[in-house]
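Residues per chain are reported as follows:
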Amino acid sequence: MTIRVLVAEDQAAVRAALVMILRAEPDVEVVGQAADGEEAVRLALELRPDVVLMDVQMPRLDGVSATREVVAAGAAQVLVLTTFDLDEYVYGALRAGAAGFLLKDLEADTLVEGIRTVARGDGMLAPSVTRRLIGTFARPDRAVGPDTREAVAGLTPREREVLACIGAGLSNGEIAARLAMAEATTKTHVSRILAKLRLRSRVQAAILAQDLGLTI
């Protein structure tokens, strides 16, 4: 399957480098490029790519707001790029429904693997920097609304176990191994959890699990 990617980055040289890396991969097609947040949203709605590679700091409309609009429209999965590993803008993007984030000083193979990971429905929770971000901003004492708590109470015991695993940063394959079930079954549980909790992405589920203090 070819992964269709929209690259949103305001710096022309950086954008060109990202596009060059992605175009070298046989399973990745760059379907569009955006130099600001407004253009990113417009192209995402028009082109419906599988993944939008979204810079956080962009003119006209910042990456957090652009992410919120793209995800709310169901136009694509969003993988955020940032210069800083502890950036509240990134946390805002995760809250807005981004599937994860990467640092701009990453290796080319990490970028490509990140695109593939998000495209297949996994969140970018494996890198240590992501876990540090989640651990820093999402704490058990963070307020969780009564409606959300009621929805979580409605999960089955197995779904709660899967939610805890998501919060620990495990991929679908790792969850399947941990809970001794098929990976396809894991994907089904994840989809049901997102639907029951009215969450837009796996990363939002991970943050909620951290907020609730769920452990495995």
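Remember, it's a predicted structure, so these values are computed and weren't measured experimentally.

Student: Is there a simple way to explain the packing of helix α2 (residues 37-47) against helix α3 (residues 63-72) in this structure?
Tutor: When two helices pack together, their arrangement is given by the angle between the helix axes and by the axis-to-axis distance. Direction vectors running N to C along α2 and α3 enclose 10°, while the axes themselves pass 9 Å from each other. With respect to α3, the element α2 is oriented roughly parallel. For the pair α2 and α3, the crossing hand works out as right-handed. In this structure, α2 contributes Gly37, Val41 and Ala44 to the contact, and α3 contributes Ala66, Glu69 and Val70.

Student: Before we go on, may I ask you to explain the environment of Arg4 in this structure?
Tutor: Among the secondary structure elements, Arg4 is positioned in strand β1 (residues 3-8). Spatially, the C-alpha atoms of Arg4 and Pro49 are 5.0 Å apart, while their sequence positions differ by 45 residues. A polar contact is formed between the side chain of Arg4 and the backbone oxygen of Leu47, at a distance of 3.1 Å.

Student: Would you take a moment to explain the sheet that holds strand β5 (residues 100-103) for this structure?
Tutor: In a beta sheet, neighbouring strands pair by backbone hydrogen bonds and run either parallel or antiparallel. Reading across the sheet, the five strands line up as β2-β1-β3-β4-β5 and stay open at both edges, with parallel pairing between neighbours. The sheet is open, and its two edges are formed by β2 (28-34) and β5, each paired on a single side. Adjacent strand axes in the sheet meet at a mean angle of 25° when their direction is disregarded. Relative to β2, β1 runs parallel, the two being bridged by six bridges. Across the sheet, residue Ile3 finds its bridge partner in β2, namely Val28. Together, β1, β2, β3 (51-55) and β4 (77-82) form the strand contacts of helix α1 (residues 12-23), whose direction differs from that of β2 by roughly 165°.

What counts, and at which threshold
Residues numbered from 1 in each chain as written. Predicted model: local features only at pLDDT ≥ 70, side-chain atom pairs only at ≥ 80, totals over all residues. Heavy atoms only, no water. Axes fitted to C-alpha atoms, helices over the stretch in contact; angles between N-to-C directions. Helix = DSSP H or I, 4+ residues; strand = E, 2+ residues; numbered from the N terminus. Parallel < 35°, antiparallel > 145°, perpendicular 65-115°, else oblique. Left-handed = near helix turned anticlockwise from the far one by under 90°. Contact = heavy atoms within 4.5 Å. Polar contact = N/O pair within 3.5 Å; in protein donor to acceptor, adjacent residues only side chain to side chain. Pairing = 2+ DSSP bridges.

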